[in-house]
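Now for the letters of each chain:
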Amino acid sequence: MTVEVPQGGRVLFIGDSITDAGRDRSGDDLGTGYAMMASAWFTARHPRHGATFLNRGISGDRVRDLRARWETDCLALAPQVVSVLIGINDTWRRYTRDDPTSAADFGRDYRHVLESTRPLGARLVLVEPFVVPLDDAQHAWREDLDPKVAVVRELAAEFGATLVAVDELFQAAGVDGRVWARDGVHPTPFGHALIAQAWLRAVTPSA
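Residues numbered from 1 in each chain as written. Predicted model: local features only at pLDDT ≥ 70, side-chain atom pairs only at ≥ 80, totals over all residues. Heavy atoms only, no water.

Q: Before we go on, may I ask you to explain the packing of helix 3 (residues 63–73) against helix 5 (residues 103–117) in this structure?
A: Helices that pack against each other are described as a pair by the angle of their axes relative to one another and the distance between those axes. It is at 9 Å that the axes of helix 3 and helix 5 come closest, and there the two elements cross at 25°. Accordingly, the angle class assigned to the pair helix 3 and helix 5 is roughly parallel. Relative to helix 5, helix 3 is oriented so that their crossing is left-handed. Between helix 3 and helix 5, the residues in contact are Val 63, Arg 64, Leu 66, Arg 67 and Trp 70 and Phe 106, Arg 108, Asp 109, Tyr 110, His 112, Val 113, Ser 116 and Thr 117, respectively. (Axes fitted to C-alpha atoms, helices over the stretch in contact; angles between N-to-C directions. Helix = DSSP H or I, 4+ residues; strand = E, 2+ residues; numbered from the N terminus. Parallel < 35°, antiparallel > 145°, perpendicular 65-115°, else oblique. Left-handed = near helix turned anticlockwise from the far one by under 90°. Contact = heavy atoms within 4.5 Å.)

Q: Help me out: how do you make sense of the side chain of Asp 61 in this one?
A: Within the element layout of this structure, Asp 61 appears in the loop between strand 3 (52–57) and helix 3. On the basis of relative accessible area, Asp 61 is assigned to the buried category, the value being 8%. Looking at Asp 61, its side chain comes within polar contact range of the side chain of Arg 69, at 2.7 Å. If we skip the residues at most four places from it in the chain, Asp 61 touches Gly 15, Asp 16, Leu 66, Arg 69, Ile 86 and Asn 89. (Buried < 20%, exposed > 50% of the residue type's maximum accessible area, 1.4 Å probe, protein only. Polar contact = N/O pair within 3.5 Å; in protein donor to acceptor, adjacent residues only side chain to side chain.)

Q: What's the story with unusual backbone geometry in this structure? I'm lost.
A: Residues apart from glycine generally show negative phi values, whereas peptide bonds are mostly found in trans. The phi angle at Ala 21 is positive, at roughly 50°, despite the residue not being glycine. Here Ala 21 is to be found in the loop between helix 1 (17–20) and helix 2 (34–45). Overall, the relative accessible area of 13% leaves Ala 21 in the buried class.

Q: Can you help me understand the packing of helix 4 (residues 88–96) against helix 7 (residues 142–158) in this one?
A: Contact geometry of helix 4 with helix 7 gives a least axis separation of 9 Å together with a crossing angle of 160°. Taken as axis vectors, helix 4 and helix 7 run roughly antiparallel relative to one another. Between helix 4 and helix 7 lies a crossing whose hand is right-handed. Residues Ile 88, Asp 90, Thr 91, Arg 94 and Tyr 95 of helix 4 lie in contact with helix 7, whose contacting residues are Glu 143, Asp 144, Leu 145 and Lys 148. Across the contact of helix 4 with helix 7, the residue classes break down as three nonpolar, one polar and five charged. (Nonpolar A, V, L, I, M, F, W, Y, C, P; charged D, E, K, R; others polar.)

Put into structure tokens, the structure is as follows:
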């Protein structure tokens, strides 16, 4: 299933540092990651479509943080397409700060933001959280991350959203993980390009 981007529509990318990608928050900068790449390629392919792209990724965010700022950073912008990538910090903090987020709490907050978006009638794209393990310690993160990936897949089905299965994509790539992510979490330019390509396969311009 693909999401139609309406003619002249507004597309919002929102999430954590992977979406943020060093954007200049004083304006409408898209950063240097997959959001910028996907926006650039969409516009290059469909220059008359007139879609506008916004980035509201914030480095370090967990889903609870996304919920806290959803009114300002999503609903107030009235996007026609909302693309969400969140979840790796909900896993990472368990291992670096002993500050876990259960799959149930993750699902509760994620469901809340999606439910609050219903009145907009916005089309939804949910991008799976992922890890590209570079060592045994990061391989152990799968115990925590896999249930959260399952939650995102379930919510995509429940809300009629388009799922971008990047966790599966990275796992299937069969190359040294350092090609895709310098620390197992933050993508290299090549990793961002892989996400952008997957995102572009999930959307189409409306006629």
